[in-house]
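Remarks on the overall topology
The lines below spell out each chain.
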Amino acid sequence: QVNLGESGGGLVQPGGSLRLSCAASGSFFSIGTMAWYRQAPGKERELVASITSSGTTTYIDSMKGRLTISRDDDAKNTVSLQMASLRPEDTAVYYCNADVVRYSGRLQNYWGQGTQVTVSS
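Residues numbered from 1 in each chain as written. Predicted model: local features only at pLDDT ≥ 70, side-chain atom pairs only at ≥ 80, totals over all residues. Heavy atoms only, no water.

Quick look at the environment of Phe28 now. Examined against the element boundaries, Phe28 turns out to sit in the loop between β3 (18-26) and β4 (30-39). Residues Phe28 and Arg102, spaced 74 residues apart in sequence, show a C-alpha to C-alpha distance of 4.4 Å. The contacts of Phe28, once residues within four sequence positions are left out, are Val2, Asn77, Val100, Val101, Arg102 and Tyr103. (Helix = DSSP H or I, 4+ residues; strand = E, 2+ residues; numbered from the N terminus. Contact = heavy atoms within 4.5 Å.)

Tracing the backbone shows Arg71 in strand β7 (residues 67-71). At 3.4 Å, the side chain of Arg71 forms a polar contact with the backbone oxygen of Ile31. Here Ile51 takes part through its backbone oxygen, which lies 3.3 Å from a polar atom of the side chain of Arg71. (Polar contact = N/O pair within 3.5 Å; in protein donor to acceptor, adjacent residues only side chain to side chain.)

On to the packing of aromatic side chains. Working definition: an aromatic ring pair is given by the centre-to-centre distance plus the angle between the planes. Here the structure, examined in full by the defined rule, presents three aromatic pairs. When the centroid spacing of 6.3 Å and the interplanar angle of 75 degrees are considered together, the rings of Phe29 and Tyr103 count as edge-to-face. With Phe29 in the loop between β3 and β4 and Tyr103 in the loop between β9 (92-101) and β10 (107-111), this pair connects stretches of sequence that are 74 residues apart. Against the face of Tyr95 rests Arg45, its NZ or CZ located 3.7 Å from the ring centre. One cation-aromatic arrangement involves Arg45 over Trp111; the distance from NZ or CZ to the ring centre is 4.6 Å. (Phe/Tyr/Trp six-rings, centres within 6.5 Å; stacked < 30°, edge-to-face > 60°. Lys NZ or Arg CZ within 6 Å of the ring centre and 35° of its normal.)

Of the two faces of strand β11 (residues 115-119), only one is covered, namely that formed by Thr115, Val117 and Val119; the face formed by Gln116 and Thr118 stays uncovered. Summarising the sheet, strand β2 (residues 10-12) and β11 pair through three bridges and their orientation is parallel. Residue pairing in the sheet places Gly10 in a bridge with Val117 of β11. (Buried < 20%, exposed > 50% of the residue type's maximum accessible area, 1.4 Å probe, protein only. Pairing = 2+ DSSP bridges.)

See below:
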């Protein structure tokens, strides 16, 4: 089994910053693309940022310039999301996602349980 453990959510004032982290644990051969999604109440889940195993990144247009996604260079099984200049509309549950290659060679996709980010004064 593979587990994605998230941390770093919380309450922040508008204009503030937060750093989310996600660590993959369990039995697997390698980790491919890692990503962060978010889901606000009444809205669909959307991709916020992603990073491939080679370091190529993508960001949601509404948060470009305010996000930095990175991977742990040693283990490459940890992904972090630095968020700056947060706005109330960034309030959502943020989910970690990862493509995992098992020792069997099978590629599987996993989700974390989510961490709440609330931007409010």
